[in-house]
Amino acid sequence: MKAVVYKEPFKVAVEDVPDPRIEHPNDVIVKITTTAICGSDLHMYEGRTGAEPGIVFGHENMGIVEETGPGVTSIHRGDRVVLPFNVACGFCKNCLAGKTGFCLTVNEGFAGGAYGYVSMGPFIGGQAQYLRVPYADFNCLKLPPGDEHEDDFALLADIFPTGYHATELAQVSPGETVCVYGAGPVGLMAAYSALLRGASRVFSVDRQPDRLRVAHEIGAIPIDYSKGDAVEQIKEQTDGEGTDKGIDAVGYQATVPEGEEQPAMVLNSLVESVRPTGMLGIVGLYVPADPGGPSDSAKKGELLFKIGRFFEKGLRAGTGQANVKAYNRQLRDMIIAGRANPSFVVSHRLPLAEAPEAYEHFDKRDNGWTKVLLKPQMA
Ligand SMILES: NC(=O)c1ccc[n+]([C@@H]2O[C@H](COP(=O)([O-])OP(=O)(O)OC[C@H]3O[C@@H](n4cnc5c(N)ncnc54)[C@H](O)[C@@H]3O)[C@@H](O)[C@H]2O)c1
Ligand SMILES: [Zn+2]
Ligand SMILES: [Zn+2]
């Protein structure tokens, strides 16, 4: 089959790789109809992780079940399914507690597995024609047949539940004010989720005019940090107090307006933007080792975080991979009921063959390249 293969920093290619096959009785093989490129892929694409050449990318996958292993009971050939980016067993201590982002079974010696991602286990990515899904009864979320809501449902693999998870970590409640750093796909989903949960005002911070425009369209208040300090702009609009809650949807590759990276910039901005006793939801990625980090400590994943201010203000924070399975069924049902339409974030729908160009544009955050869906069945 054809798949998107990482070659070297800033280069992927669409190549022939072996077809996946059933390896365990509870596996299924899914014929991919939609698979998305994620900001998380860009950390690997830019050579800013330990990812080795040869890895097949793709952790945001949906499609039609092609083949089922003999132990699969609830999923059948022809079912339309979306797969959480987390690969999880369903029976370990963390899965039983709903923390499927930290499964103890699927990636030995580590808590958490994912398709097509460095350090996240042996699972081949789905930016390809087919995907092997382990523990299929647990991992497949069934969708209504047909092709209605295809692009909304595709976002259930990662960014919609991840944005929602950020609001859960920050315990966003009706009437609260929330600042969201980053108006990339994840930040937009976090802002959207905060509004779905009844936040009174959501501030969306970025410097990309096209992304800030989308934030404005969904009802968030855009804050352009290239036009003045974001913390001050937020404080000005909250009577000097700061917001009740804050979300990091940027991570360690945060940049100053001029483009230089400052890995702790968003964490420290959040500490100043949120009022005393507020809560932070940190879903932007932080890594234990960053080969391209801007300092020796950053290379070891050690950042200059304002713990003193964080402590003084009595702030609390939640971090980590989103437990997609904790929310994907409910968010699917909001889509079906017409209460959520996350695909407003999608800017491009392209055949798999165009993945190399799509990576280039999305990596440069070129104007209008907000979220790319690849369609392997498209010629
Ligand atoms: N925790 C999880 O489960 C999970 C899941 C998916 C993605 N992620 C992570 O979430 C982050 C965002 O993903 P994405 O797909 O939206 O990526 P993205 O790179 O497209 O978006 C990041 C946005 O942040 C903006 N930005 C950069 N520096 C900033 C700053 N100092 N202040 C405000 N905005 C700033 C950029 O302009 C960009 O629009 C990535 O780190 C990704 O790895 C985490
Ligand atoms: Zn993703
Ligand atoms: Zn598990």
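Keep in mind it's a predicted model, so treat the numbers as computed, not measured.

**Considerations on the coordination of the zinc ion (ligand 3)**
- The zinc ion (ligand 3) binds to the protein through Cys 89 (SG), Cys 92 (SG), Cys 95 (SG) and Cys 103 (SG), with metal-donor distances spanning 2.3 to 2.4 Å.
- Its four donor atoms give the zinc ion (ligand 3) angles of 102 to 117° at the centre, a pattern that matches the tetrahedral case.
- Between the donor residues of the zinc ion (ligand 3), the gaps in sequence give the motif C-x2-C-x2-C-x7-C.
- Accessibility expressed as a relative area gives 0% for Cys 103, which makes it buried.

**A word on the packing of helix H5 (residues 159–169) against helix H6 (residues 185–196)**
- Contact geometry of H5 with H6 gives a least axis separation of 7 Å together with a crossing angle of 60°. When the axis of H5 is compared with that of H6, the two are oblique. Note that H5 runs across H6; the crossing there is right-handed. Taken together, the residues of H6 that come into contact with H5 (itself represented by Ile 159, Phe 160, Thr 162, Gly 163, Tyr 164, Ala 166 and Thr 167) are Pro 185, Val 186, Met 189, Ala 190, Tyr 192, Ser 193, Ala 194 and Leu 196.
- A breakdown of the residues in the contact of H5 with H6 according to their chemical character gives 11 nonpolar, four polar and no charged.

**Regarding the site of ligand 1**
- Close to ligand 1 lie 31 residues; Ser 40, Asp 206, Arg 211, Ala 322 and Arg 365 are nearest.
- Thr 255 is positioned with one of its backbone polar atoms (N or O) 3.1 Å from a nitrogen atom of ligand 1.
- Interatomic distance of 2.4 Å between a side-chain N/O atom of Arg 365 and an oxygen atom of ligand 1.
- Look at ligand 1: alone it shows 870 Å² of surface, and the protein chains cover 96% of it.
- The set of elements that each furnish at least two residues to the shell around ligand 1 consists of helix H1 (39–45), H6, strand E11 (201–206) and helix H9 (265–273).
- In terms of residues, the shell around ligand 1 owes the most to one element, H1, which gives three residues.
- Looking at the shell around ligand 1, its residues break down into 16 nonpolar, 11 polar and four charged.

**Considering the nonpolar core**
- With 42 residues, the main nonpolar core has Leu 156, Phe 160, Val 178, Val 180 and Val 202 as its most contacted residues.
- Elements supplying a minimum of two residues to this core: strand E9 (141–143), helix H4 (150–154), H5, strand E10 (177–181), H6, helix H7 (209–217) and helix H12 (328–336).
- Broken down by element, this core gets its largest block of residues, seven residues, from H6.
- Taken together, domain 1 (2–158 + 323–375) and domain 2 (160–319) each give at least three residues to this core, which thus spans both.
- In contact with Val 178, other than residues within four places in its own chain, are Val 172, Ala 194, Ala 199, Arg 201, Val 202, Phe 203, Thr 243, Lys 245 and Ile 247.
- Counting residues in each nonpolar core, the second largest holds 29 residues, with Val 4, Phe 57, Ala 322 and Tyr 359 among its members.

**Re the coordination of the zinc ion (ligand 2)**
- The zinc ion (ligand 2) binds to the protein through Cys 38 (SG), His 59 (NE2), Glu 60 (OE) and Asp 158 (OD), with metal-donor distances spanning 1.9 to 2.3 Å.
- Bound by four donor atoms, the zinc ion (ligand 2) shows angles of 93 to 128° at the metal and therefore tetrahedral coordination geometry.

**Concerning the pattern of salt bridges**
- What the rule picks out here adds up to 22 salt bridges.
- Across the salt bridge formed by Lys 7 and Glu 15, the nearest N and O atoms sit 2.8 Å from each other.
- Residue Glu 15 is classed as partly exposed on the basis of its relative accessible area, which comes to 27%.
- Notably, a salt bridge pairs Arg 197 with Glu 168, separated by 2.8 Å at the nearest N-O pair.

**Considering the packing of aromatic side chains**
- Counted by the stated rule, this structure contains 10 aromatic pairs.
- For the ring pair Phe 91 and Tyr 135, a centre distance of 5.8 Å and an interplane angle of 80° mean the geometry is edge-to-face. Highlighted residues: Phe 91 in the loop between strand E6 (86–87) and helix H2 (93–96) and Tyr 135 in the loop between strand E8 (130–133) and helix H3 (136–139), separated in sequence by 44 residues.
- On the accessibility criterion, Tyr 135 (23% relative accessible area) is partly exposed.

**Thoughts on the UniProt feature "domain: Alcohol dehydrogenase-like C-terminal" (unreviewed entry) in the protein chain**
- This chain's UniProt record puts "domain: Alcohol dehydrogenase-like C-terminal" (unreviewed entry) on residues 185–285.
- Within the segment residues 185–285, helix and strand shares are 37% and 25% respectively, and the terminal C-alpha atoms sit 14 Å apart.

**Some remarks on H7**
- Burial in H7 covers these residues: Asp 210, Arg 211, Leu 212, Val 214 and Ala 215.
- Following H7 by one or two positions, Gly 219 adopts a phi angle in the positive range, close to 105°.

**Focus: the side chain of Ser 204**
- Topologically, Ser 204 is positioned in strand E11.
- Taking the relative accessible area as the measure of exposure, Ser 204 reaches 0% and is therefore buried.
- With near-sequence residues (within four places) excluded, Ser 204 lies in contact with Val 180, Ala 183, Ala 191, Leu 212, Ala 215, Ala 220, Ile 221, Pro 222 and Ile 223.

**Focus: the environment of Gly 121**
- With respect to the helices and strands, the residue Gly 121 is situated in the loop between strand E7 (113–114) and E8.
- Separated by 13 residues in sequence, Gly 121 and Glu 108 place their C-alpha atoms 7.8 Å apart.

**Overview of the environment of Ala 355**
- Along the chain, the position of Ala 355 falls in helix H13 (residues 355–363).
- For Ala 355, a relative accessible area of 0% translates into the label buried.
- Note: C-alpha distance between Ala 355 and Val 5 (350 residues apart in sequence) is 9.9 Å.
- With residues up to four places along the chain from it excluded, the contact list for Ala 355 reads Val 4, Val 12, Val 14 and Leu 374.

Rules behind the numbers
- Residues numbered from 1 in each chain as written.
- Chains lettered and ligands numbered in written order.
- Predicted model: local features only at pLDDT ≥ 70, side-chain atom pairs only at ≥ 80, totals over all residues.
- Heavy atoms only, no water.
- Donors = N, O, S within 2.8 Å, 3.2 Å for Na, K, Ca; no water.
- Tetrahedral: all angles 85-135°; square planar, octahedral: opposite > 155°, others 65-115°.
- Buried < 20%, exposed > 50% of the residue type's maximum accessible area, 1.4 Å probe, protein only.
- Axes fitted to C-alpha atoms, helices over the stretch in contact; angles between N-to-C directions.
- Helix = DSSP H or I, 4+ residues; strand = E, 2+ residues; numbered from the N terminus.
- Parallel < 35°, antiparallel > 145°, perpendicular 65-115°, else oblique.
- Left-handed = near helix turned anticlockwise from the far one by under 90°.
- Contact = heavy atoms within 4.5 Å.
- Nonpolar A, V, L, I, M, F, W, Y, C, P; charged D, E, K, R; others polar.
- Near = heavy atom within 4 Å.
- Polar contact = N/O pair within 3.5 Å; in protein donor to acceptor, adjacent residues only side chain to side chain.
- Areas by Shrake-Rupley, 256 points an atom, 1.4 Å probe, with all protein chains shown as cover.
- Core = buried A, V, L, I, M, F, W, Y, C linked by side-chain atoms within 4.5 Å.
- Domains from an automatic or database assignment.
- Salt bridge = Lys/Arg side-chain N within 4 Å of Asp/Glu carboxyl O.
- Phe/Tyr/Trp six-rings, centres within 6.5 Å; stacked < 30°, edge-to-face > 60°.
- UniProt positions renumbered as here; feature names shortened; annotations may be inferred.

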